[in-house]
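Architecture and fold: a report
Each chain is listed here by its residues.
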Amino acid sequence: MKQIIKTALIVILGNFTYALAVAFFIEPSGLITGGGTGLALFFHHMFGFKTSYVVFIINTSLFLVGWKVMGRRFAANTLLSTFCMPVELHVSEMLAAHFTPVDDIVLCTVFGGLIIGASLGIVIRTGASTGGMDIPPIVVNKYFAIPISSTMWVCDICILILQAIFTDKNLVLYGIILVIIYTMTLDRMLILGKAKTQIKVISKKSEEIRRAIMQDVDRGVTVMYGRTGYLGKETEINLSIVSTRELAIAERLVHQIDPEAFIIVSRVSEVKGRGFTEKKKYL
C-alpha cells in the first residue's frame, strides 16, 4: 500500500512539473512540441480552445481506446496520469497568469525542454504510463508489431507539421530543438543513478587481484578465460562491476599488486541483481 501511494505521489509530481513547463515556457513563447500537448496547442492556436481542456479530451479519448484494446490492467496503470495532467495544466495556467512571462525564446526552449524531459523521466521511472499520445503506439504495436519508438516519432513529426501551419518558421526550428532537448533529457533521467562502471583486468597475478577486489572494494568478480593474441597463452580475465567512486580504489589496488596489469574500463547503462538492485548476500 505504501508503495502504491508513493508511486501515485511521484506520478502527480511529475505531471505537475510537466504542466508548469508548458504553462510558463511553451505557451507564452508560442513554441511547438510533440505528443498530446502539441496537438492541444494546435487546437489552441487554430480555434482558441483552452489547452488544458483539449488535453483532457485527448487523454480521455485515448484512455478509453487503450482500455478497450489493451484491457483493464493497462487502464489501471494509465488512469492517474490521464486525468491528473489536464487538471494540473489548468492550475499551472492560472499560476502563470500572475507572473510576467519569459520573453527570451532561447531560455524558453532550453528550460522548457529540460523540465519536460525530467518530468517525463520521473513518471516513466515509476513504471507508470504518461497516457495521451503514448497509447496509440502501444495499440499499433499490439496489432502490427511496429516498434513503439518508431510510431511515436511518426506521431510527433505529424503533430509538429500540423503546428508548423500557423507557426513562424523560426519557432518551428526552436520547436525541433525543444523536442531534441527533452528527448535527450528523458534518456538521461531514465539511467540516472543506474549507470555503473565495468572493469576487466588481465594480469599474471589474477588470483591476488580477484581477492583484493572482493575484500577491499566489496564487489563480486567473475573470471573469464581467454588467450593472448601474440603468444597464444591461456589467461584469466577478472570482470567486476563497480560504482564511479569505487573505480579509483579498484584501479589503485590492481596497480599496487601488478603495475603491468592491463585494465579495460567501460560504462554500463544499468545493472540489476545481487549487490545492486538486491541486497548483498555473504556466504
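Residues numbered from 1 in each chain as written. Predicted model: local features only at pLDDT ≥ 70, side-chain atom pairs only at ≥ 80, totals over all residues. Heavy atoms only, no water.

**Side note on the overall build of the chain**
- For the chain, the helix and strand inventory stands at ten helices and four strands.
- Secondary structure elements of the chain, listed N to C terminal, follow the sequence α-α-α-α-α-α-α-α-β-α-β-β-α-β.
- The C-alpha radius of gyration computed for the chain amounts to 25 Å, which surpasses the reference 19 Å derived for 283 residues by more than 25%, pointing to a less compact arrangement than a globule.
- Taken along the three principal axes of its C-alpha coordinates, the chain extends 75 × 45 × 40 Å.
- Counting the 283 residues in the chain, one finds 42% classified as buried.
- Put simply, of all contacts in the chain between residues at least 6 apart along the chain, 74% involve residues at least 24 apart. (Helix = DSSP H or I, 4+ residues; strand = E, 2+ residues; numbered from the N terminus. Rg over C-alpha atoms; globule rule 2.2 N^0.38 Å. Buried < 20%, exposed > 50% of the residue type's maximum accessible area, 1.4 Å probe, protein only. Contact = heavy atoms within 4.5 Å.)

**Overview of the packing of helix 1 (residues 2–29) against helix 5 (residues 105–125)**
- Between helix 1 and helix 5, the shortest axis-to-axis distance is 8 Å and the interhelical angle comes to 165°. Viewed along their axes, helix 1 and helix 5 adopt a mutual orientation that is roughly antiparallel. Considering the relative orientation of helix 1 and helix 5, their crossing is left-handed. Where helix 1 abuts helix 5, its residues Ile10, Val11, Gly14, Asn15, Thr17, Tyr18, Ala21, Phe25, Ile26 and Ser29 lie against Ile105, Cys108, Phe111, Gly112, Ile115, Ile116, Ser119, Leu120, Ile122 and Val123.
- Along the lines of polarity and charge, the residues of the contact of helix 1 with helix 5 split into 14 nonpolar, six polar and no charged. (Axes fitted to C-alpha atoms, helices over the stretch in contact; angles between N-to-C directions. Parallel < 35°, antiparallel > 145°, perpendicular 65-115°, else oblique. Left-handed = near helix turned anticlockwise from the far one by under 90°. Nonpolar A, V, L, I, M, F, W, Y, C, P; charged D, E, K, R; others polar.)

**Some words on the pairing of strand 2 (residues 222–227)**
- Of the pairings in the sheet, the one linking strand 2 to strand 3 (residues 234–242) comprises six bridges and is antiparallel in character. Of the residues in strand 3, the one forming a bridge with Gly226 is Thr235.
- What sits between strand 2 and strand 3 in their antiparallel hairpin is a turn of six residues, with Gly232 showing a positive phi close to 70°. (Pairing = 2+ DSSP bridges.)

**Details of the nonpolar core**
- Core analysis: the largest hydrophobic core is formed by 32 residues, its most contacted members being Tyr18, Ile26, Ile58, Ile116, Leu120 and Tyr182.
- Residue assignment for this core shows that the elements contributing at least two residues are helix 1, helix 2 (35–47), helix 3 (51–70), helix 4 (72–96), helix 5, helix 6 (135–144), helix 7 (148–164) and helix 8 (169–191).
- In terms of residue count, the dominant contributor to this core is helix 1 (six residues).
- If near-sequence neighbours (up to four positions away) are discounted, Ile26 is found in contact with Ala21, Leu31, Leu41, Gly112, Ile116 and Leu178.
- Counting residues in hydrophobic clusters, the runner-up holds 14 residues, among them Ile199, Ile213, Val217 and Ala250. (Core = buried A, V, L, I, M, F, W, Y, C linked by side-chain atoms within 4.5 Å.)

**With respect to the environment of Ala250**
- Position of Ala250 among the secondary structure elements: in helix 10 (residues 244–257).
- Each C-alpha atom of the pair Ala250 and Arg72 lies 49 Å from the other, and the pair is 178 residues apart in sequence.
- The residues touching Ala250, leaving out its near neighbours within four places in the chain, are Ile199 and Val217.

**Topic: unusual backbone geometry**
- Here the phi dihedral of Asp218 falls at roughly 60°; this positive angle occurs in a residue that is not glycine.
- Assignment of secondary structure puts Asp218 in the loop between helix 9 (206–217) and strand 2.
- Its relative accessible area of 30% is what places Asp218 among the partly exposed residues.

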